[in-house]
Amino acid sequence: MSYRAAGINHQAWFLSVEAGGVDQQSALRTALRERFLPDYDATTGWTEGDATYAGGQERVRAEMMETFGYFTSESSHHASEYVPYFRRSAQTVKTHLPRRWDYLRSAETVAGQVDTLVALSADRLSRGLQASGEWGMPIIAALEGSEPADVYVNVSNDGWITNLPAEACVEVPARVDARGVHPATMGRLPGACAGLNLTGIALQTAVVDAVVARDPPALTAAMALDPLTASVLDLRDIRAMSRELLAAQQPWLPEWLRAEVRA
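Residues numbered from 1 in each chain as written. Predicted model: local features only at pLDDT ≥ 70, side-chain atom pairs only at ≥ 80, totals over all residues. Heavy atoms only, no water.

A closer look at the packing of aromatic side chains
Remark: the centre distance and the inter-plane angle together describe each pair of aromatic rings, the angle taken between the planes.
Right, on to step 1. For the structure shown, the criterion picks out six aromatic pairs.
Right, on to step 2. Centre to centre, the rings of Tyr3 and Phe14 are 5.2 Å apart; their planes meet at 50°, and the pair counts as tilted. Of this pair, Tyr3 sits in strand 1 (residues 2-8) while Phe14 is found in strand 2 (residues 11-19), placing the two residues eleven residues apart along the sequence.
Right, on to step 3. Tyr3 sits in the partly exposed class, given a relative accessible area of 41%.
Right, on to step 4. An aromatic cluster is present here, built from Tyr3, Phe14, Phe71 and Tyr152 joined pairwise through their rings. (Phe/Tyr/Trp six-rings, centres within 6.5 Å; stacked < 30°, edge-to-face > 60°. Helix = DSSP H or I, 4+ residues; strand = E, 2+ residues; numbered from the N terminus. Buried < 20%, exposed > 50% of the residue type's maximum accessible area, 1.4 Å probe, protein only.)

Take a look at the structure:
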């Protein structure tokens, strides 16, 4: 199977999917409909999929492909965090994510075990290094003169996706070799796909601008641009949430934000 995808981190679109030179977009759409979408008399229960990150619970990505026309790169759990459609209430979460996975619960299972986990990791690594499934190792190896690697990278948008801003960080395929990283020019994304990416880019840009300017109110305004946040909170509640987040994170914040919390 081969594919080409492009967009932004955690929200790239599979623009082509082929097997044996035959387009599989229609087959993928049909499979998602028949397995996950109630409009096609499909349902998924708690017994399907894995209890952790990946698995058979793909209602969110099925709904996304049905609406926007293309499969997205992130699992339903994570994809649902970047859009305003699926987490508006406890009921919509249960409906679209019947087997929930979240960072807090995962962190709670290992809380207080840092020393033990570090020791176990050190012991495992001392018995032999092996590359994980992350892209970092093949990229470094290719840059150091090993076999060229075909990977997906997040890079400044130097014309790689023509209908996303030049200041955006985009996700595109690339060839990596000893001469460097060579992103592929992907042209224009479908309009609605680019539009959804732009909601994320707007948030990212506003956060960067706020941090560069050391402007706490601008950081709060940036939080108001988050699609999921705006789907469940009004502006007054977003301001309150911002204050609570900054207060909780105060020990790790730069001085210009700690001063805002103390004010």
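Quick look at the side chain of Gln25
Right, on to step 1. Turning to its location among the elements, Gln25 is positioned in helix 1 (residues 25-36).
Right, on to step 2. In contact with Gln25, other than residues within four places in its own chain, are Phe14, Leu15, Ser16, Val17, Met65 and Tyr70. (Contact = heavy atoms within 4.5 Å.)

Quick look at the state of the cysteines
Right, on to step 1. Summed over the entire model, instances satisfying the criterion amount to zero disulfides.
Right, on to step 2. In this model Cys169 remains outside any disulfide bridge; the closest cysteine sulfur is found in Cys193, 18 Å from its own.
Right, on to step 3. Using a relative accessible area of 37% as the deciding quantity, one classes Cys169 as partly exposed.
Right, on to step 4. Cys193 sits in the buried class, given a relative accessible area of 0%. (Disulfide = S-S within 2.5 Å.)

So far we have only geometry, and geometry alone does not tell us how the molecule works.
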